[in-house]
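# Analysis of the macromolecular model
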Amino acid sequence: MLAKAVPRPCSGAGRHGAPAARLWSVGVAGGPRRGGAGGRLVAADAGERMTGSEAVPVVAVAAGKQPVNGSAMADKFLTMCNTWCINIFVDVQSSKPTPPTWSLMEYEQQPGRKPCTDKNGLGIDKLVTSTVGKSTNVLWHDCPIGQFERQELLNQKGCVVWITGLSGSGKSTLACALSRELHSRGHLTYILDGDNLRHGLNRDLCFEAKDRAENIRRVGEVAKLFADAGLICIASLISPYRSERSACRKLLHNSTFIEVFLNVPLEVCEARDPKGLYKLARAGKIKGFTGIDDPYEAPSDCEIVIQCKAGDCATPKSMADQVVSYLEANEFLQE
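Remember, predicted model here, so these are calculated numbers, not experimental data.

Cut-off values and rules
- Residues numbered from 1 in each chain as written.
- Predicted model: local features only at pLDDT ≥ 70, side-chain atom pairs only at ≥ 80, totals over all residues.
- Heavy atoms only, no water.
- Helix = DSSP H or I, 4+ residues; strand = E, 2+ residues; numbered from the N terminus.
- Buried < 20%, exposed > 50% of the residue type's maximum accessible area, 1.4 Å probe, protein only.
- Lys, Arg positive; Asp, Glu negative; His and termini not counted.
- Salt bridge = Lys/Arg side-chain N within 4 Å of Asp/Glu carboxyl O.
- Contact = heavy atoms within 4.5 Å.
- Phe/Tyr/Trp six-rings, centres within 6.5 Å; stacked < 30°, edge-to-face > 60°.
- Lys NZ or Arg CZ within 6 Å of the ring centre and 35° of its normal.
- Core = buried A, V, L, I, M, F, W, Y, C linked by side-chain atoms within 4.5 Å.
- Pairing = 2+ DSSP bridges.
- Axes fitted to C-alpha atoms, helices over the stretch in contact; angles between N-to-C directions.

## Let's talk about the side chain of arginine 198
Topologically, arginine 198 is positioned in the loop between helix H4 (194-197) and helix H5 (209-228). Nearest to the buried, unbridged arginine 198 among oppositely charged side chains is aspartate 195, at 5.7 Å. Every residue in contact with arginine 198, bar those within four places of it in the chain, is listed here: Arg203, Leu205, Cys206, Phe207 and Asn215.

As structure tokens, then:
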């Protein structure tokens, strides 16, 4: 079955309101390319299904259509597919003798695009790359297997469960309990723990304001990738500032960022002090410690609040069940 083509944007096409693309079906006439010489690269209008006998020896390219004959030119065209604005989606039908089939996006000429001609005279439009932050000459490349297909495979919706709270509030404990509960139900998760990430990805960052902001930004971007992969990503970080948590929320869409606030009073966290950090902060040996000499901005619009008071704190299992109930109610889990 021919895979549904998901167009790769060219000069921002599709994502930024560029003109619609015209779809072409492309195949190699005369049998699979491995079957011998004499194959011809062919093209037909969208919606037509071609066989070797119906094929026309023409290939659609971004700047027009040119006759193509011979397997050598077919090889060259397929090589160019890795360079120019062409998407390939293979139709694997091993039980039938029909040749492979591809989808080719032929884009309209747009202002600012600079056509180039290869040495064989085929007019091909160069891709126009962009600058993102400090990265230059980059281009987003879409693939036919996307988030939807991955979610169908996993029977769950990718999302980010972002657990925030003071040091000692139980974020890592909740993250592990939640992961264990979801795993027992057959759901795939991954935990991004703040301390764990500083052993690798963020080992070059300290705890000064600028580095703490970069720490959260990196985790947000990684969490976004896990959610796009179809996983339930559980991020466990103090993440003290609303602006940084809001920036991570904006990376995702369709309410797939689920903020969980562990509302545990400072005195309870300090009494726990599992790592002895509050004692060091009180002694002045740690500067800029959240809750002592650096503020924690409690969420104002989070999805889940788990309240804990002195002598009245829920068990890890109970807290995890609260999050699971939210995921079930909002159809993130499919049994």
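## Regarding the packing of aromatic side chains
The final tally for this structure, using the stated rule, is four aromatic pairs. Aromatic pair tyrosine 190 and phenylalanine 226: ring centres 4.9 Å apart, planes at 10°, arrangement stacked. You can see tyrosine 190 sitting in strand S11 (residues 189-193) and its partner phenylalanine 226 sitting in helix H5, a full 36 residues away along the chain. A cation over a ring is seen here: lysine 157 above phenylalanine 332, with NZ or CZ 4.8 Å from the ring centre.

## Side note on the nonpolar core
Among the nonpolar cores identified, the biggest contains 33 residues, and Val161, Val260 and Leu327 are the most heavily contacted of them. Among the secondary structure elements, those contributing two or more residues to this core are strand S10 (159-164), helix H3 (171-184), strand S12 (232-236), strand S13 (257-263), helix H7 (266-272), helix H8 (277-282), strand S14 (304-307) and helix H9 (316-329). Each residue touching valine 260, except ones within four places of it in the same chain, is listed here: Val161, Trp162, Ile163, Thr164, Leu174, Ile304, Ile306 and Val323. One finds Trp162, Ile216, Ala223 and Ala227 within the second-largest nonpolar core, a separate group that totals 14 residues.

## Some points on the sheet that holds S13
Strands belonging to one sheet form pairs held by backbone hydrogen bonds; the direction of such a pair is parallel or antiparallel. Taken in spatial order, the five strands line up as S11-S12-S10-S13-S14 in an open sheet, and their pairing is parallel. The sheet is open, and its two edges are formed by S11 and S14, each paired on a single side. Strand-to-strand twist of the sheet, defined as the mean angle between neighbouring strand axes without regard to direction, takes the value 20°. Two elements, S10 and S12, share five bridges in a ladder whose sense is parallel. Following the sheet pairing, tryptophan 162 is matched in S12 by alanine 235. The sheet strands contacting H3 are S10, S11, S12, S13 and S14, and the helix crosses S12 at an angle near 165°.

## Describing unusual backbone geometry
A positive phi angle is found at asparagine 155, which is not glycine, with a value near 55°. Looking at where asparagine 155 falls in the secondary structure, it is placed in the loop between helix H2 (147-154) and S10. Owing to a relative accessible area of 39%, asparagine 155 belongs among the partly exposed residues under this scheme. Although it is not a glycine, glutamate 331 sits at a positive phi angle of roughly 60°. Following the sequence through the fold, glutamate 331 ends up in the segment after H9.

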